[in-house]
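# Tertiary structure, described
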Amino acid sequence: MSSGPSESAVPADANWRDLLRTTRQARRLARQMRREARRAMPWWRRTLPTWRMTLGGLLAVLLFCITAFTALYLSVQVPAPNAAAVSQSNIYYYDDGTELGRTGAVNRASVPLSEISVNVQHAVVAAEDRTFYSNKGVDVRGILRGAWRTVTGEGLQGGSTITQQYVRSYYLTQEQTLGRKVREAVIAIKVNETQSKDAVMAGYLNTSYFGRNAYGVQAAAQAYYGIRASQLNVQQSAYLAALLKAPSVYDVSTATGANRAAAIARWNYVLDGMVELGHLSSGERARMSFPAPKAPRPTPGVSGQAGYLIDIARRYLVDNKIMDDATLASGGWHITTTFKKKNQDAMVAAVKKELRRLPDTRKAKAIRVGAASVDPSTGKILAAYGGPDYASQSYNDAIRHDLQAGSTFKPFDLAAALQHPATTQDGRTITPGTRYDGTSRRCVQGLPRGLRYCPPNEDDRDYGRISLRSAMMKSVNAVYAQVGADAGLAGVRRAAIAAGLPADTPDMSANPSLALGVAAPSPLDMAEAYATFDNHGRHIATWSVQKITRNNESYELPGHEGIQAFSRATADQVTSVLKGVVSTEGTGYLATGLGRPAAGKTGTTDSNLSAWFVGYTPQLTTSVAMFAEDPKTHTRISLGTAAGISRVNGGSYPTRIWTAYMAAALKGQPVKDFQLMAAAETDSPATAPAREPTSTAPAGTPTPTPLPGPSTPTVVPPKPSPGPSTPTVVPSTPSGDPGTPTVVPSTPSPGPTEPPGEPSTSPSSGEPGTVDTGGSVAAVGVRSTT
């Protein structure tokens, strides 16, 4: 009897279909269960991706990066050598378009690697890229770091390999963009694949900029040591390698103290790297000393005054990150400065004329002058005197920071006391009419416990009770040392910085001798600071470049904002007091020969190592500093000794130079008086609200184009004033009381405030017009740099 079909007769594909259906159902059920489980989770947990989502995303990103890099690698080709790498001359102009000077003649002599000392090769690797011989032309971490800094606005800094730096200088430009950085990396990889490491090293050493207008290591060896690149020893090689990071900053022949220390630290870093890489033994390293380079030779085409002015303009561009040295040195730039030829010629003529009046002109060759002149309403630098001839003396005396300011610092004491009304030790509000004890060697009251400071007046003269106005006219040290303590030494320091002195001015710490001018600002710094008083308390940072073009294309420059550093009442009272200095009874009475309303201050330091006059009219602010040093050893010597007289005070030759220059510079301009607040002339305390900052744009600025350089041009804000310094023990000046500093009790000054305007005596004995009590300033921190 037959039956229905058996189970074995069921088609096999039906079983697979059932199994597949069951599997699908199981998967759907599993997904549904996962969804239900996820919905049951807390909300914050549901926001986190699952591992599947994370893995999928990472794979997608990786695939995208691989695809993008492949496309980029195939599309970017190694270009021909950059035509801009063949440097052209830079042309600098006065503000009226008259040519000032030229720089940028290419100083390069390419040599094969066989003619470059192996010491240089090892030193450069230790300094710039210690993985050079093992990497593929790029440092991925460096690229990511550079990209991040670009995104965060810090610029493209660090991380570049030697190959990348070679590509940048030889094939590309110094343009600071993320796109250029990416192209640089891709080309570096291709160059690394097609050229040997030796070829890359040779190209890098022959194209790098080492400062002193030296392109390539052969030119650098000549510029710094007067030898060929093949003759460089380990120490010299390490220094040249250190220069690559910051050529102009690390040139120890012209660097400031801080920059010199940084250069030597960089040199030590290079040597330590050579030990780490096995190119130098620890024993050899320990025996090495720093190889001082020879003095820089003058750059062709910048003789006379041109080199000093170009130096100021270059520093302005570099310091304000408008462009770096390498970009500037690439050449082809047309740079219009703020310098006025009329003013510059007048300044040179004034210096020459007054130096010829010295009794011993043979000895007078040791006397040097630094000067600067500023438009107080705009901050433009109109003229500067850095030395007799840049071809014979390349060090710029207009911007040196080793000349103590002496009594020209006293206006900052007064401004500090007036800005936030201070009181005397017996509680009287300080005004220009407030009377103080002017007894010579009177110990300052109110100093921190353990400090003693008893400065003498010039010629140890006693003045008795004297107003601040008269004490400024006579430059009475005992009075203004006490004013500094009453205003607060940290406040005096802040006032000087607010006026325009750099916060890192040498010897400007908050100690008792600060009030009498141990700080060493440059003549340009002092012109900027006094311009703030001239401009009714509004500070505008000085500037020297107003237009830049290349290939007929104009580039953007920053604006120049004014910041109300002091109230108008404070600034005008300071000006009113300084007008008394330029009077028949003041130490600057020779400046009355200008025949215009003027204000200013003389300054002379201990041992007669420097003498100053800084003064202004409503239209112009000018600073003149004089000092002397041995032409061979550059050791600072007394001005009186160099001049063949007993002493050169700020009220003599510096004031004469100032007056002669100002008379010529202001010739043809209307005679103007200072527009001072009424309270400034009556010695009444007054306050005035600070005005909002304004902007002074460079005249004639063309339609802007971003300027290549290390960063987008921005207005550099003034440095913030640091807080009070920890009190330090300051010994008495050489003419003061000897011995260990002791506690000086605070004792009130006797007597009430007396009205101003007491009779003043005529200048004391000595050279006519040279009474200046800055002479008690201790010679602290005086350095000779040339």
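These numbers come from a predicted model, not from an experiment.

In this section: the state of the cysteines. All told, the structure shown has one disulfide when counted by the stated rule. Note that Cys443 is cross-linked by a disulfide to Cys454, the S-S spacing being 2.0 Å. An S-S torsion of about 85° defines the bridge between Cys443 and Cys454 as right-handed. Of this pair, Cys443 sits in the loop between strand 6 (435-437) and strand 7 (465-467) while Cys454 is found in the loop between strand 6 and strand 7, placing the two residues eleven residues apart along the sequence. One exposure class covers both Cys443 and Cys454, and it is buried.

Tallied over the entire structure, the rule returns 15 aromatic pairs. Taking 4.8 Å as the distance between ring centres and 75° as the angle between the ring planes, the aromatic pair formed by Phe132 and Tyr133 counts as edge-to-face. A residue is classified by how much of its surface remains accessible, and Phe132, at 0% relative accessible area, is buried. Tyr133 gets classed as partly exposed once you look at its relative accessible area, which sits at 44%. Seen from their ring centres, Tyr616 and Phe674 are 5.7 Å apart, and the 85° between their planes marks the pair as edge-to-face.

As a further point, take the side chain of Thr602. Its location among the elements puts Thr602 in strand 12 (residues 599-604). Within polar-contact distance, the side chain of Thr602 engages the side chain of Thr587 at 2.7 Å.

Further remarks concern the pairing of strand 13 (residues 610-617). Of all eight residues in strand 13, eight are buried; the element is thus mostly enclosed. What you see with strand 13 is no split at all: Ser610, Trp612, Val614 and Tyr616 on one side and Ala611, Phe613, Gly615 and Thr617 on the other are buried throughout. Of the strand pairs in this sheet, strand 12 and strand 13 are connected by six bridges, and their pairing is antiparallel. Along strand 13, the bridge assignment pairs Gly600 with Gly615.

Phe409, Phe412, Val479 and Tyr480 are the most contacted members of the largest nonpolar core, which has 59 residues in total. Looking at this core, the elements with two or more residues in it are helix 16 (410-419), helix 17 (468-474), helix 18 (477-487), helix 19 (489-499), helix 20 (523-534), helix 21 (568-581), strand 13 and strand 14 (620-629).

The next thing to look at is the confidence of the model for the protein. Here the protein averages 80 in pLDDT, and 76% of its residues register 70 or above. Predicted confidence for residues 688-706 stays below pLDDT 50, and this span has 41 contacts to residues more than four positions away or in other chains. Below a pLDDT of 50 lies the segment residues 708-786, which in the model reaches 218 contacts outside its immediate sequence neighbourhood of four places, other chains included.

About the criteria used
Residues numbered from 1 in each chain as written. Predicted model: local features only at pLDDT ≥ 70, side-chain atom pairs only at ≥ 80, totals over all residues. Heavy atoms only, no water. Disulfide = S-S within 2.5 Å. Helix = DSSP H or I, 4+ residues; strand = E, 2+ residues; numbered from the N terminus. Buried < 20%, exposed > 50% of the residue type's maximum accessible area, 1.4 Å probe, protein only. Phe/Tyr/Trp six-rings, centres within 6.5 Å; stacked < 30°, edge-to-face > 60°. Polar contact = N/O pair within 3.5 Å; in protein donor to acceptor, adjacent residues only side chain to side chain. Pairing = 2+ DSSP bridges. Core = buried A, V, L, I, M, F, W, Y, C linked by side-chain atoms within 4.5 Å. pLDDT = per-residue confidence, 0-100. Contact = heavy atoms within 4.5 Å.

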